[in-house]
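# Commentary on secondary and tertiary structure
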Amino acid sequence: MRGPVAPPQVPLALSRSDTFDALVHESADRLRRRLPQLDGVDFGVRDVPPLPPGDDDITVPLGGVIRARTPAARDLIVVYRRPVELRSRDREERAHLVHEVVVEQAAELLGLAPESVDPRYGQE
């Protein structure tokens, strides 16, 4: 007998990538409720950041901001899945780290301090 291990409505059926995407979008939704200026910003996930070739002594970023190049385009806040996963031990720690990365990138995009984007920033 072959088939899925779990029905699609239970969390076990979600891939690690889907679960990570959900964490990013939950954090984005929390911030959008506090800061309406983020309504015009997209949030996304990429597996790894683009790194310049040949530089072995570089700090790997956990997230980034991609600014819109045209007035019709939207700014994008990106969280890099693999570096975040490698720095977190479990789902709870991963969710906390994802939220901190989203807050830091939103703060950079808006030109604010992370604490003004989310007053609980930096608290565990």
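Nothing here was measured: the structure is a model prediction, and the numbers come from that model. (Residues numbered from 1 in each chain as written. Predicted model: local features only at pLDDT ≥ 70, side-chain atom pairs only at ≥ 80, totals over all residues. Heavy atoms only, no water.)

As a further point, take the sheet that holds strand 2 (residues 63-66). Spatially, the three strands line up as an open sheet ordered 1-3-2, and their pairing is mixed. Either end of the sheet is taken by a strand with one partner, and the two such strands are strand 1 (41-46) and strand 2. Looking at each pair of strands side by side, their axes are set apart by 20° on average, direction ignored. The sheet contact formed by strand 1 and strand 3 (residues 75-80) spans six bridges and is parallel. Within the sheet, the bridge partner assigned to Phe43 lies in strand 3 and is Ile77. Packed onto the sheet, helix 1 (residues 16-34) meets strand 1 and strand 3 and runs at close to 160° relative to strand 1. (Pairing = 2+ DSSP bridges. Helix = DSSP H or I, 4+ residues; strand = E, 2+ residues; numbered from the N terminus. Axes fitted to C-alpha atoms, helices over the stretch in contact; angles between N-to-C directions. Contact = heavy atoms within 4.5 Å.)

Its 19 residues place the ends of helix 1 28 Å apart at the C-alpha level, agreeing with the 27 Å of an ideal helix rising 1.5 Å per residue. Phe20, Leu23, Val24, Ser27, Ala28 and Leu31 are the residues of helix 1 that are buried. All buried residues of helix 1 project into a common sector of 130° when viewed along the axis, lining one side. As for helix 1, its buried residues are in contact with strand 1, strand 3, helix 2 (81-86), helix 3 (91-110) and helix 4 (114-117). (Expected span 1.5 Å × (residues − 1). Buried < 20%, exposed > 50% of the residue type's maximum accessible area, 1.4 Å probe, protein only. Arc of directions from axis to C-beta.)

What follows deals with the side chain of Glu100. Locating Glu100 in the fold gives a position in helix 3. Salt bridges are absent for the buried Glu100, whose nearest opposite-charge side chain, Arg30, sits at 9.1 Å. What Glu100 contacts, discounting residues up to four positions off in sequence, is Tyr121, Gly122 and Gln123. (Lys, Arg positive; Asp, Glu negative; His and termini not counted. Salt bridge = Lys/Arg side-chain N within 4 Å of Asp/Glu carboxyl O.)

With that settled, the discussion passes to the packing of helix 1 against helix 3. Two elements in contact, helix 1 and helix 3, have axes separated by 9 Å at closest approach and are oriented at 50°. Compared by their axis directions, helix 1 and helix 3 come out oblique. Like other packed secondary-structure pairs, helix 1 and helix 3 cross with a definite hand, here right-handed. Counting all contacts with helix 1, which are made through Thr19, Phe20, Leu23, Val24, Ser27, Ala28, Arg30 and Leu31, the residues of helix 3 involved are Arg91, Arg94, Ala95, Val98, His99, Val102, Val103 and Ala106. (Parallel < 35°, antiparallel > 145°, perpendicular 65-115°, else oblique. Left-handed = near helix turned anticlockwise from the far one by under 90°.)

Moving on: helix 3. A rise of 1.5 Å per residue sets the reference length of helix 3, with its 20 residues, at 28 Å; its end C-alpha atoms lie 28 Å apart and thus fit the reference within 8%. Taken together, the buried positions of helix 3 are occupied by Leu97, Val98, His99, Glu100, Val101, Val102, Val103, Gln105, Ala106, Ala107 and Leu109. Tucked into the core, helix 3 has its buried residues touching helix 1, strand 1, strand 2, strand 3, helix 2 and helix 4. Where helix 3 begins, the side chain of Asp90 points an oxygen toward the backbone nitrogen of Glu92, at a separation of 3.3 Å. Just downstream of helix 3, Gly111 is the residue with a positive phi angle, here 70°. (Polar contact = N/O pair within 3.5 Å; in protein donor to acceptor, adjacent residues only side chain to side chain.)

Checked against the element boundaries, Ser27 lands in helix 1. For Ser27, the side chain forms a polar contact with the side chain of His99, separated by 3.0 Å. With near-sequence residues (within four places) excluded, Ser27 lies in contact with Val98, His99 and Val102.

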